[in-house]
Amino acid sequence: MSEDIGPRVAGLLSYTNPDETFGALVSIAYSDRDIREEGFSSVRFDDLGTFRSANGEDCTGNPTGGACEELRNAYYARIPRYGRLDYQQERIGITSSLEFRPSDRFSVTFDGLYSKFNGVRDEEFLEAFVRSNTDNFDVTDYTVNSDGVITRLVANVQPDAANGLVPIRSEHRRDILSNEYYQITGRLKYDVTDTLRFDLLGGISVSDFKVPQQATIFFDAADAVNGYSYDFTNGFDTPAISYGDLDVTNPGSFLLTQYRNRPQGVKNTYDTLQPNLTWEANDNITLRAGYSYKKFEFSTFEGRAEGSVDGLPGFTTAPVVSNALAGLVTDFGKGLGVSGIDTSWVSANFEASAALVDLFNIEPVQRLQDTRGVVETDHGGYVQADFNFELGGMPVRGDAGVRYVETKTASTGFVGTTNVTLTRKYDDWLPSVNLVLEPGSDFLIRGGVSRVMARPSLGNLTPGGAIDSFGGPPYTLDLGNPGLDPYRAWTYDLSFEWYFQPESLLALSLFRKDVSSFFLRSDTIETTFSQTGLPTSVASPTSPLGIDLANGLDPRVDIEQQVNGGDAKIEGLEIVFQTPFTFLPGLLKNFGVTANYTYVKSDDIIGFHRIV
């Protein structure tokens, strides 16, 4: 669903001087678009939820047998909800290219790109917060299908014993986001002589993504709700949902209970400089040499201001929602083709509600696990020879060379509550040889041997880690690993290629990789939250982990990490066949076939399976 008019404008300008030694090209594009999405989401399914009661049977004692056990072992919708998402998007992009070429031997080009995206996204949901609140649901009727899923649930929803909230909720989230990106690249080419050429490539790029506001206002039902139900009988995409005796269009049916704001951002930069020299020594040999400098930098941050309204200055209880604080979602679901749902409900008047709690003057607490960064600096140089000659009347061509690379990393992040920076340096020599033999005009034999390496992603190198405070218990702590080595391997390739007619090929390729320090997930370490050294502030107060910690529990945490494996061998083969159907009449001659078969195996890498 979207608005009828979405303006888009694009233009292009070009210029060349009379001598055709200078040229310029500039383009610009602008668009403004509003989008509306409506639909249902369950926010996944979960099991092992202990309901308050089931068909009159008290479940809080975790009894065995009967309805309580059947419900506990079945999967329930965590947050069944219908919602409306409105997006306002504005984009502008500018590109430019300049070229100066005073002679055939010399040229300089500059290319630039700039883009900016601004967006505002409103999300309005009406939902039952079943997740972590099953002990507030008195189930009066239900259906569990053959897959163990609760497809129909009828319940009376009671206030929570700890905070008094009734987990039937209207939430209104508003994100303000922007992304700014620019890239500048320059290239110089100079033919020093007819056989000696020099070229220089340099460039920078920056991507800066910011979400200065990711804020949510929560309204919860003011009183117990009788007769709530969801029903997936007619499909999981558009279930029937009823909120029983709750008047979802009456502001007085709700309390303004909680607030949340999570400003965050990610910045990536890349700089490079690459001079290269090429010398055609003779008709058969070309020598190349060059240097490469690259610098990658990534950083991310997040802050959180969230909590209960009754804990703010000036509030002792959650206020009843007034008309001034309320908006109304209307005409919902016209394109969904579903019945048995509410088409209107109370949603927060975002500006008024945020102003009442003074949301944007509440200082966000730095989220340590999401405040991290890495700087990687790479230096490299290479020499290479390209050759082309005959051996016993058989054409032979190929290249041979070696590259040296030095990698330096500086990884910054929080370990517990301490901000640390870890530095590392390693280097690699990477030789390579590639050959092509032509025993006949339609038959080629290719072979290659090389030493290769691939650096780990920057996101895996930061100290500290991130904990999933919603997916437990057990909760998962994903640790970074600043000591991660790059993937290194010797590769061996041999192929036989027969071009038996125009546009046709039959080929057999054999390959092998002797791998060291491949990447894999470590074995899970089971511990408790208190043993991780993390502060309790890493968990949102309203998350399952935050609730567990507030209740004095010390839940189980599973620690995982990206690590290096040992040595391994990967080998396999590939068969390729391609031919056009030129022998067929009419239009059929324009068709053809391309087919391949690949077999790969490794007996050394855990979790690697044969692929056919």
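Here, the structure is the one placed above.
Since the model is a prediction, treat every value here as computed from it, not as a measurement.

Undergrad: Sorry if this is basic, but what is going on with the state of the cysteines here?
TA: A covalent bond between the sulfur atoms of two cysteines is what we call a disulfide. All chains considered together, the criterion is met by one disulfide. A sulfur-sulfur separation of 1.9 Å characterises the disulfide bridge that pairs Cys-59 with Cys-68. Taking the sign of the S-S torsion, -80° for the link of Cys-59 and Cys-68, the bridge is left-handed. By relative accessible area, which is 2% here, Cys-59 ends up buried.

Undergrad: Which parts of the structure should I look at to understand the pattern of salt bridges?
TA: It is possible for side chains bearing opposite charge to pair when their charged atoms get close. Per the counting criterion, the structure on display carries 32 salt bridges. For the salt bridge of Arg-397 with Glu-438, the shortest nitrogen-to-oxygen distance reads 2.4 Å. Here the residue Arg-397 occupies a position in strand β22 (residues 394-415), and Glu-438 occupies one in strand β23 (residues 418-440), the gap between them amounting to 41 residues. Residue class for Glu-438 comes out partly exposed when judged on its relative accessible area of 23%. Salt-bridge contacts for Asp-558 lead to Arg-556; the nearest nitrogen and oxygen are separated by 2.9 Å. What makes Arg-556 partly exposed here is its relative accessible area of 37%. Salt bridges sharing common partners tie together Arg-121, Glu-123, Arg-173 and Asp-175.

Undergrad: I would appreciate a short explanation of the packing of aromatic side chains in the present structure.
TA: One pair of aromatic rings is described through two measures. These are the centre distance and the angle between the planes. Applying the stated rule across the entire model yields 20 aromatic pairs. A centroid spacing of 5.6 Å and a plane angle of 55° characterise the contact between Tyr-228 and Tyr-243, whose relative ring orientation is tilted. A residue pair is termed long-range when its members are at least 10 positions apart, and Tyr-228 in strand β13 (residues 225-231) and Tyr-243 in strand β14 (residues 240-243) qualify at 15 residues. Comparing Tyr-228 with Tyr-243, the two get one shared label, buried. Relative to Phe-296, the ring of Tyr-270 lies with its centre 4.8 Å away and its plane at 25°, an arrangement referred to as stacked. Here the residue Tyr-270 occupies a position in strand β16 (residues 264-280), and Phe-296 occupies one in strand β17 (residues 285-308), the gap between them amounting to 26 residues.

Analysis parameters
- Residues numbered from 1 in each chain as written.
- Predicted model: local features only at pLDDT ≥ 70, side-chain atom pairs only at ≥ 80, totals over all residues.
- Heavy atoms only, no water.
- Disulfide = S-S within 2.5 Å.
- Buried < 20%, exposed > 50% of the residue type's maximum accessible area, 1.4 Å probe, protein only.
- Salt bridge = Lys/Arg side-chain N within 4 Å of Asp/Glu carboxyl O.
- Helix = DSSP H or I, 4+ residues; strand = E, 2+ residues; numbered from the N terminus.
- Phe/Tyr/Trp six-rings, centres within 6.5 Å; stacked < 30°, edge-to-face > 60°.

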